[in-house]
Amino acid sequence: MGPGPSDVNPRVLKAMATPMIGHLDPQFIQIMDEVMEMTRQLFKTGNQVTSVISATGSAGMETCFVNILEPGDTAMVCVNGVFGNRMCDIVERCGAKLIRIDAPWGEPIDPGQVKEALEHSDPKIVAIVHAETSTGVLQPLEEISRMVHDSGALFVVDTVTSLAGTQVKVDEWGIDAVYSGTQKCISAPPGLSPVSFNSRSLEAMDSRKTKVQSWYLDLSMIRKYWTGAKRAYHHTGPISMVYAIHEALRIVHEEGLEARFERHILNHMKLKEGLEAMGFEFLVAPEFRLPMLNAIKIPDGIEDATVRGRLLDEYNIEIGAGLGEFAGKVWRIGLMGESCTQNHINMLLGALKNIIG
């Protein structure tokens, strides 16, 4: 019940034990095609280049930046937590010029800040985190997306924690490049990163004057492995992990996206009621609060590491510590995918009552 990984359905674990086949076997190509289509449905996009990167969500982040940015380009990054800072690091490693838009941790990015910054700059991309895992903030995107496109820039979005737990509408919201991870609300093991790119972002890649700085994450080659009538070898695909996400996505769509989103909201409200009855306060204002990542303030007199240690050792429950400026001040409680059940909530609340009194 931390910020990820979440629990994994036994069906997914069983799928991972399926016998190995080749990464260019016709049957495996069919599985890849089905993964792409189910991922399009999850992202709510018709983008042809929608697949999974053979590495964790951080590689999905890097894939977006290294394929679009070239040395000397300008990138604007919105920062209100750990993962906005990580984007900034990657921008600088790409040799691009960085413009930061900062907001206090625990608060969303103000569209007015983005508007003002765009009036005084001409970035190639504007990047933002939809669900900031370090703070529990759900960032509204539509107004900022319109500003970005009016400026002529590309809009890049991190949906690692939000995908499969709340609405992500890539086409409707005008997202040009997006990435996520498997270990949060999709509830597969960590190791793959769903990504999607529209025609605008592909045009930027195809007009590059320099090679992509990463051979492994170069989409000009990866997309030839994932798409087209004849697949071209790029790397040996992680067969068992693709089995895993294939089964996990089947489970997501069997439940139905709207029903799944509603489940996350209802269980968030149940957890909220129980925690507030014990005197806990949430870090984030209700209108910007993630249902799948609940950041709560640690009351005075309660020792952070001691309580988390007892939860793990005595009750087999993991919750997340605070990061950065919130270290020792906040707990991050995950209600993600398979871990988003009333049973999980009841066990956690009961354990906290026994420990704290």
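Reference entry: report on the structure contained in this document. None of the values given here were measured: they were computed from a predicted structure. (Residues numbered from 1 in each chain as written. Predicted model: local features only at pLDDT ≥ 70, side-chain atom pairs only at ≥ 80, totals over all residues. Heavy atoms only, no water.)

**So, the overall build of the protein**
Reasoning step 1: Along the backbone of the protein there are 12 helices and 13 strands.
Reasoning step 2: Compactness check: the protein gives a C-alpha radius of gyration of 20 Å against a globular reference of 21 Å for 357 residues, within 12% of the reference.
Reasoning step 3: In terms of its C-alpha atoms, the protein occupies a principal-axis envelope of roughly 60 × 55 × 30 Å.
Reasoning step 4: Per-residue burial for the protein yields a buried fraction of 59% across its 357 residues.
Reasoning step 5: Pairs at least 24 apart in sequence give 72% of the contacts found in the protein among residues at least 6 apart. (Helix = DSSP H or I, 4+ residues; strand = E, 2+ residues; numbered from the N terminus. Rg over C-alpha atoms; globule rule 2.2 N^0.38 Å. Buried < 20%, exposed > 50% of the residue type's maximum accessible area, 1.4 Å probe, protein only. Contact = heavy atoms within 4.5 Å.)

**Notes on unusual backbone geometry**
Reasoning step 1: Residue Pro5 follows Gly4 across a cis peptide bond; omega there is 5 degrees.
Reasoning step 2: Here Pro5 is to be found in the segment before α1 (10-16).
Reasoning step 3: The phi dihedral of Lys44 falls on the positive side, at around 55 degrees, and the residue is not glycine.
Reasoning step 4: With respect to the helices and strands, Lys44 occurs in the loop between α2 (26-43) and β1 (49-53).
Reasoning step 5: Overall, Lys44 belongs to the partly exposed group, its relative accessible area being 27%.

**Quick notes on the nonpolar core**
Reasoning step 1: Counting residues in hydrophobic clusters, the biggest one holds 96 residues, and the most contacted among them are Phe65, Val114 and Phe197.
Reasoning step 2: Broken down by element, the residue count for this core peaks at 10 residues, all from helix α9 (residues 239-255).
Reasoning step 3: Setting aside anything within four residues of it in sequence, one finds Phe65 in contact with Met87, Ile90, Val91, Cys94, Ile125 and Ala127.
Reasoning step 4: Residues Ile296, Ile298, Ile317 and Ile319 belong to the second largest nonpolar core, which totals 21 residues. (Core = buried A, V, L, I, M, F, W, Y, C linked by side-chain atoms within 4.5 Å.)

**Section: the packing of aromatic side chains**
Reasoning step 1: Scanning the model with the defined rule gives 3 aromatic pairs in all.
Reasoning step 2: With 6.3 Å between their ring centres and 70 degrees between their planes, Tyr225 and Trp226 make a pair best called edge-to-face.
Reasoning step 3: Among the residues examined, Trp226 registers a relative accessible area of 3% and is labelled buried.
Reasoning step 4: Ring plane angle 45 degrees and centroid distance 5.9 Å describe the contact between Phe280 and Trp331, whose orientation is recorded as tilted. In this pair, Phe280 is assigned in the loop between α10 (257-277) and β10 (281-282) and Trp331 in strand β13 (residues 330-334), connecting sequence segments 51 residues apart.
Reasoning step 5: Overall, the relative accessible area of 4% leaves Phe280 in the buried class.
Reasoning step 6: Its relative accessible area of 0% is what places Trp331 among the buried residues. (Phe/Tyr/Trp six-rings, centres within 6.5 Å; stacked < 30°, edge-to-face > 60°.)

**Points about the pattern of salt bridges**
Reasoning step 1: According to the stated counting rule, one finds 17 salt bridges in the structure shown.
Reasoning step 2: For the salt bridge of Asp102 with Arg100, the shortest nitrogen-to-oxygen distance reads 2.7 Å.
Reasoning step 3: In the salt-bridge network here, residues are joined through shared partners; they are Arg11, Glu247, Arg250 and Glu254. (Salt bridge = Lys/Arg side-chain N within 4 Å of Asp/Glu carboxyl O.)

**Concerning the sheet that holds strand β11 (residues 293-297)**
Reasoning step 1: With antiparallel pairing, 4 strands are arranged side by side in an open sheet as β10-β11-β13-β12. Lying at the two open borders of the sheet, with one neighbouring strand each, are β10 and β12 (320-321). (Pairing = 2+ DSSP bridges.)

**Here we look at the pairing of strand β4 (residues 125-129)**
Reasoning step 1: A large share of β4 lies buried, amounting to 5 of its 5 residues.
Reasoning step 2: Across the two faces of β4 the burial is the same, with Ile125, Ala127 and Val129 and Val126 and Ile128 all buried.
Reasoning step 3: With 3 bridges joining them, strand β2 (residues 74-79) and β4 adopt parallel strand pairing. Note on β4: the bridge partner recorded for Ala75 is Ile125.

**As for the sheet that holds β2**
Whether parallel or antiparallel, the strands of a sheet pair through hydrogen bonds between backbone atoms.
Reasoning step 1: The strand order β1-β9-β8-β7-β4-β2-β3 describes an open sheet built from 7 strands, whose pairing is mixed. The sheet is open, and its two borders are formed by β1 and β3 (97-102), each paired with just one other strand. On average, each strand axis in the sheet is tilted by 15 degrees relative to the strand beside it, whichever way the strands run.
Reasoning step 2: Examined bridge by bridge, strand β7 (residues 154-158) and strand β8 (residues 177-179) share 3 bridges and lie parallel to one another. Considered in β8, the bridge of Asp158 is made with Tyr179.
Reasoning step 3: In the packing of helix α3 (residues 57-68) onto the sheet, contacts are made with β1, β4, β7, β8 and β9 (193-197), and the angle to β8 comes to roughly 160 degrees. (Axes fitted to C-alpha atoms, helices over the stretch in contact; angles between N-to-C directions.)

**A look at the environment of Leu283**
Reasoning step 1: Structurally, the position occupied by Leu283 is in the loop between β10 and β11.
Reasoning step 2: Accessibility expressed as a relative area gives 19% for Leu283, which makes it buried.
Reasoning step 3: Put simply, Leu283 and Trp105 are 178 residues apart on the chain and 9.5 Å apart in space, counted from C-alpha to C-alpha.
Reasoning step 4: Setting aside chain neighbours within four positions, we find Leu283 in contact with Gly106, Thr135, Ala295, Ile296, Lys297, Phe326 and Val330.

**A look at the pairing of β13**
Reasoning step 1: Burial analysis of β13 places 5 of its 5 residues in the buried class, the great majority of the element.
Reasoning step 2: Of the two faces of β13, both are covered, the one formed by Val330, Arg332 and Gly334 as well as the one formed by Trp331 and Ile333.
Reasoning step 3: Judged from the 5 bridges that link them, β11 and β13 form a sheet pairing that is antiparallel. Paired with Leu293 across the bridge in β13 is Gly334.
Reasoning step 4: Judged from the 2 bridges that link them, β12 and β13 form a sheet pairing that is antiparallel. In the sheet register, Ala321 faces β13, and the bridge partner there is Trp331.

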